[in-house]
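Chain by chain, the residues:
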Amino acid sequence: MIEFFQVDAFTDKAFSGNPAAVCLLEAPAETRWCGSVAAEMNLSETAFVVAREGGGFDLRWFTPKVEVDLCGHATLASAHALWESGRLDSDSVAEFHTKSGVLFARRSGPAIYLDFPSQPPVECTLPGGLADALAISPVWCGRNKADFFVHLATGDEVRNATPDFVRLGAIDDCRGVIVTAADERGEYDFVSRFFAPAAGIDEDPVTGSAHTCLAPWWAERTGRNEMTGFQASQRGGIVNVEVKGDRVQLGGKAVTVVHGKLLV
């Protein structure tokens with residue numbers, strides 16, 4: 001039997017933020033099995049955590065369709081699960097070894113802070129059909145290694161976007177698409193949404209990894225290294241960001257919703 005948690009990340013209340021399943025393994029698992037569990041969980045990400053000899057933990061992330069190289073909310077959820085389960089002392093830093101290098105998570109009061117590599121976008125032309133699939137009028141477009149990045153004129157355009165997910169999922173060479181704008185309502189510094197139908201997620205509720213792209217882009221334009229972003233999905237979630245050189249600190253809270261055991 002394998003202990004697992006379902007955690008709502010980047011929120012302080014249940015049934016909001018972004019849910020992730022976290023499986024706490026006693027030994028590394030086969031990729032096919034991890035994929036099957038992730039498909040069964042049917043959440044945007046399922047994380048698999050196993051302790052390493054000499055300290056730290058190996059961490060992998062799977063959508064219902066594919067393994068991904070980086071995931072923020074499931075990393076935050078994994079750290080939360082380690083502290084909740086007693087596998088890591090509450091005042092210890094969580095050290096994760098991943099496909100994106102070594103990542104860290106630490107507690108500060110009720111919040112959890114992740115230390116991730118900065119992944120700013122480079123200006124580019126959108127591939128044919130992408131803007132039409134999003135049904136938007138971009139102001140600025142770019143991409144980083146994983147995602148396309150689209151700046152819109154207003155936060156309301158971001159909130160009201162209604163993409164064609166079938167067409168969007170057919171775009172090649174792309175994990176997902178970030179859309180963003182300044183928040184003219186004044187509640188947050190910027191708002192965003194993240195669409196990734198090719199990875200099995202039409203819209204991700206709150207995307208930590210997208211904020212490693214959003215944070216440096218907005219920092220360059222505002223002259224501020226510390227900001228608060230709101231991901232305007234149906235569930236919604238708040239991500240506090242701080243740019244520190246080539247790293248981005250992502251801050252948020254987490255709530256355990258389910259704690260149980262896998263019987264297979």
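Conventions we followed
- Residues numbered from 1 in each chain as written.
- Predicted model: local features only at pLDDT ≥ 70, side-chain atom pairs only at ≥ 80, totals over all residues.
- Heavy atoms only, no water.
- Helix = DSSP H or I, 4+ residues; strand = E, 2+ residues; numbered from the N terminus.
- Buried < 20%, exposed > 50% of the residue type's maximum accessible area, 1.4 Å probe, protein only.
- Expected span 1.5 Å × (residues − 1).
- Pairing = 2+ DSSP bridges.
- Phe/Tyr/Trp six-rings, centres within 6.5 Å; stacked < 30°, edge-to-face > 60°.
- Lys NZ or Arg CZ within 6 Å of the ring centre and 35° of its normal.
- Core = buried A, V, L, I, M, F, W, Y, C linked by side-chain atoms within 4.5 Å.
- Contact = heavy atoms within 4.5 Å.
- Patch = residues over 30% accessible without salt bridge, like charges linked within 9 Å, V, L, I, M, F, W, Y side chains within 5 Å.
- Areas by Shrake-Rupley, 256 points an atom, 1.4 Å probe, with all protein chains shown as cover.
- Salt bridge = Lys/Arg side-chain N within 4 Å of Asp/Glu carboxyl O.

**Regarding unusual backbone geometry**
A positive phi angle is found at F15, which is not glycine, with a value near 70°. If you trace the backbone, F15 turns up in the loop between β1 (2-9) and β2 (18-25). Phi angles above zero are rare outside glycine, and N42 is one such case at about 55°. Position of N42 among the secondary structure elements: in the loop between α1 (31-41) and β3 (45-51).

**With respect to the environment of A170**
Residue placement: A170 occurs in the loop between α5 (165-169) and β12 (176-182). For A170, a relative accessible area of 53% corresponds to the exposed category. Separated by 41 residues in the primary sequence, A170 and G129 place their C-alpha atoms 9.3 Å from one another.

**Description of helix α2 (residues 72-85)**
Compared with the 20 Å implied by 1.5 Å per residue over 14 residues, the 20 Å span of α2 between its first and last C-alpha is a close match. Within the span of α2, buried status applies to G72, H73, A74, T75, L76, A77, S78, A79, H80, A81, L82 and W83. G86, located one to two residues past α2, shows a positive phi value of around 80°.

**Section: the pairing of strand β15 (residues 226-231)**
Strand residues, when the strand is regular, have side chains that alternate between the two faces of the sheet. Direction of pairing for strand β13 (residues 190-196) relative to β15: parallel, over a ladder of 3 bridges. What sits directly across from S192, in β15, is Q231. In this antiparallel pair of consecutive strands, β15 and strand β16 (residues 237-244), the connection spans 5 residues, and G236 shows a positive phi of 75°.

**Examining the packing of aromatic side chains**
This model, assessed by the stated rule, comprises 10 aromatic pairs. Between F48 and F62, the aromatic rings sit 5.5 Å apart at their centres with planes inclined by 90°, giving edge-to-face as the arrangement. A residue pair is termed long-range when its members are at least 10 positions apart, and F48 in strand β3 and F62 in strand β4 (residues 57-62) qualify at 14 residues. For the pair F48 and F62, a shared accessibility class is recorded, and that class is buried. Ring centres 5.0 Å apart and planes at 45° place the aromatic pair F149 and W217 in the tilted group. Here the residue F149 occupies a position in strand β11 (residues 147-151), and W217 occupies one in helix α6 (residues 208-222), the gap between them amounting to 68 residues. Classification of W217 as buried rests on a relative accessible area of 3%. The ring of F148 has R143 sitting right over it, with the charged end atom 4.5 Å from the ring centre. The side chain of R221 reaches across the aromatic face of W140, ending 5.2 Å from its centre.

**Some details on the nonpolar core**
Membership of the largest hydrophobic core comes to 53 residues, with the highest contact counts inside it found for V49, W61, F96 and A105. Not counting residues up to four positions away in its chain, the partners in contact with V49 are V22, C23, L24, L25, F57, D58, L59, S78, L82 and F96. Ranked by size, the runner-up nonpolar core spans 21 residues in total, among them A133, V150, A161 and F230.

**Structural notes on the pairing of β1**
Extensive coverage of β1 is indicated by the burial of 7 of its 8 residues. Sheet topology note: the β1/strand β18 (residues 254-262) ladder contains 8 bridges and is antiparallel. Across the sheet, residue F5 finds its bridge partner in β18, namely H259. The pairing of β1 with β2 spans 7 bridges and is classified as antiparallel.

**Side note on the side chain of T75**
Structurally, T75 can be placed in helix α2. Accessibility expressed as a relative area gives 0% for T75, which makes it buried. Leave out the neighbours within four places in its chain, and T75 touches L59, W61, F96, L114 and F116.

**Section: a nonpolar patch on the surface**
On the surface, a cluster of nonpolar side chains totalling about 440 Å² of accessible area is made up of M1, L263 and V264. Of note, L263 is situated in the segment after β18. Residue classification places L263 among the exposed positions, given a relative accessible area of 69%.

**Remarks on the pattern of salt bridges**
With the rule as written, the count across this model stands at 15 salt bridges. Its salt-bridge partner being D58, residue R52 comes within 2.7 Å of it at the nearest N-O pair. D58 gets classed as partly exposed once you look at its relative accessible area, which sits at 26%. The partner of D147 in a salt bridge is R175, and the shortest N-O contact between them spans 2.6 Å.

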